[in-house]
Amino acid sequence: MAKPLRESMPQCAAFIDELREAFGEEEINAQIRMGMLGARTFHAAENGIEIGTRFVDPVEQVTADKMVIRIQEKEIKQ
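I will try to describe carefully the structure that is included in this document. Every chain's residues receive numbers from 1 upward, in the order its sequence appears when written. Residue-level local features of this predicted model are given only where pLDDT is at least 70; pairs of side-chain atoms are given and counted only at 80 or more, and the full residue set underlies all totals for whole chains, interfaces and linings. For side-chain calculations, the full set of non-hydrogen atoms in the structure is used, while hydrogens and water are omitted.

Describing the side chain of Thr53
Part 1 of the argument: Strands are runs of DSSP state E lasting at least 2 residues, helices are runs of H or I lasting at least 4, and numbering of each runs from the N terminus. Tracing the backbone through its elements, the reader meets Thr53 in the segment after strand E2 (49–52).
Part 2 of the argument: Any pair of nitrogen or oxygen atoms within 3.5 Å is treated as a polar contact; in protein, a donor-acceptor pairing is required on top of that, and neighbouring residues in sequence qualify only through side-chain atoms on both sides. Separated by 2.6 Å, the side chain of Thr53 and the backbone oxygen of Gly35 make a polar contact.
Part 3 of the argument: In this view, Thr53 contacts Gly35, Gly38, Ala39, Arg40, Phe42 and His43; residues no more than four positions away in its chain are not counted. Throughout, a residue-residue contact means that at least one pair of heavy atoms, one from each residue, lies within 4.5 Å.

Concerning helix H3 (residues 25–36)
Part 1 of the argument: One less than the number of residues in a helix, times 1.5 Å, gives the span that helix is expected to have. The first and last C-alpha atoms of H3 sit 16 Å apart over 12 residues, in line with the 16 Å expected at 1.5 Å per residue.
Part 2 of the argument: Note on H3: the residue one or two positions beyond its end, Gly38, has a positive phi of about 115°.

Focus: the environment of Ile32
Part 1 of the argument: With respect to the element layout, Ile32 can be found in helix H3.
Part 2 of the argument: Relative accessible area serves as the criterion here: at 16%, Ile32 is assigned to the buried category.
Part 3 of the argument: Separated by 12 residues in the primary sequence, Ile32 and Ala44 place their C-alpha atoms 9.6 Å from one another.
Part 4 of the argument: Excluding its chain neighbours within four sequence positions, the residues that come into contact with Ile32 are Ile16, Arg20 and Phe42. Only protein chains enter the calculation, and the probe is 1.4 Å; a residue is then buried if its accessible area is under 20% of its type maximum, exposed if over 50%, and partly exposed in between.

Considering the packing of helix H2 (residues 10–23) against H3
To describe two helices that pack against each other, one gives the angle between their axes and the distance between the axes.
Part 1 of the argument: To get an axis, fit a line to the C-alpha atoms, keeping to the stretch in contact for a helix; angles then go from 0 to 180 degrees between the N-to-C directions. It is the contact of H2 with H3, at a shortest axis distance of 7 Å, that shows an interaxial angle of 130°. With respect to H3, the axis of H2 lies oblique. On H3, the residues touching Ile16, Leu19, Arg20 and Phe23 of H2 are Glu25, Glu27, Ile28, Asn29 and Ile32.
Part 2 of the argument: Tallied by class, the residues present in the contact of H2 with H3 amount to 5 nonpolar, 1 polar and 3 charged. Throughout, the term roughly parallel applies to angles under 35 degrees, roughly antiparallel to angles over 145, roughly perpendicular to angles from 65 to 115, and oblique to all others. Note that Gly is not counted as nonpolar here; it falls among the polar residues with everything else outside the nonpolar set of Ala, Val, Leu, Ile, Met, Phe, Trp, Tyr, Cys and Pro and the charged set of Asp, Glu, Lys and Arg.

Notes on the pairing of E2
Part 1 of the argument: Relative to E2, strand E1 (residues 43–46) runs antiparallel, the two sharing 4 bridges. Directly across from Glu46, in E2, lies its bridge partner Ile49.
Part 2 of the argument: Here, any two strands with at least 2 DSSP bridges between them count as paired. The hairpin turn running from E1 into E2, its antiparallel successor, is 2 residues long, and Asn47 in that turn takes a positive phi close to 55°.

Structure representation (structure tokens):
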């Protein structure tokens, strides 16, 4: 039987599955549980559904499409 959030938030579910594979199911599940209890360790949003605890006020957040990533040039010593 599929879980309702997994069906409603498929991209988040896939990302969490990848995190579990990389860092261990026990560690990721612990972070999710803490976020559900109010700690700023986990927050997910997809399809109008939000779970966990927000990290910052949404007015202050920066989405990836607004970020500029620059490669820092190393100082050359002569």
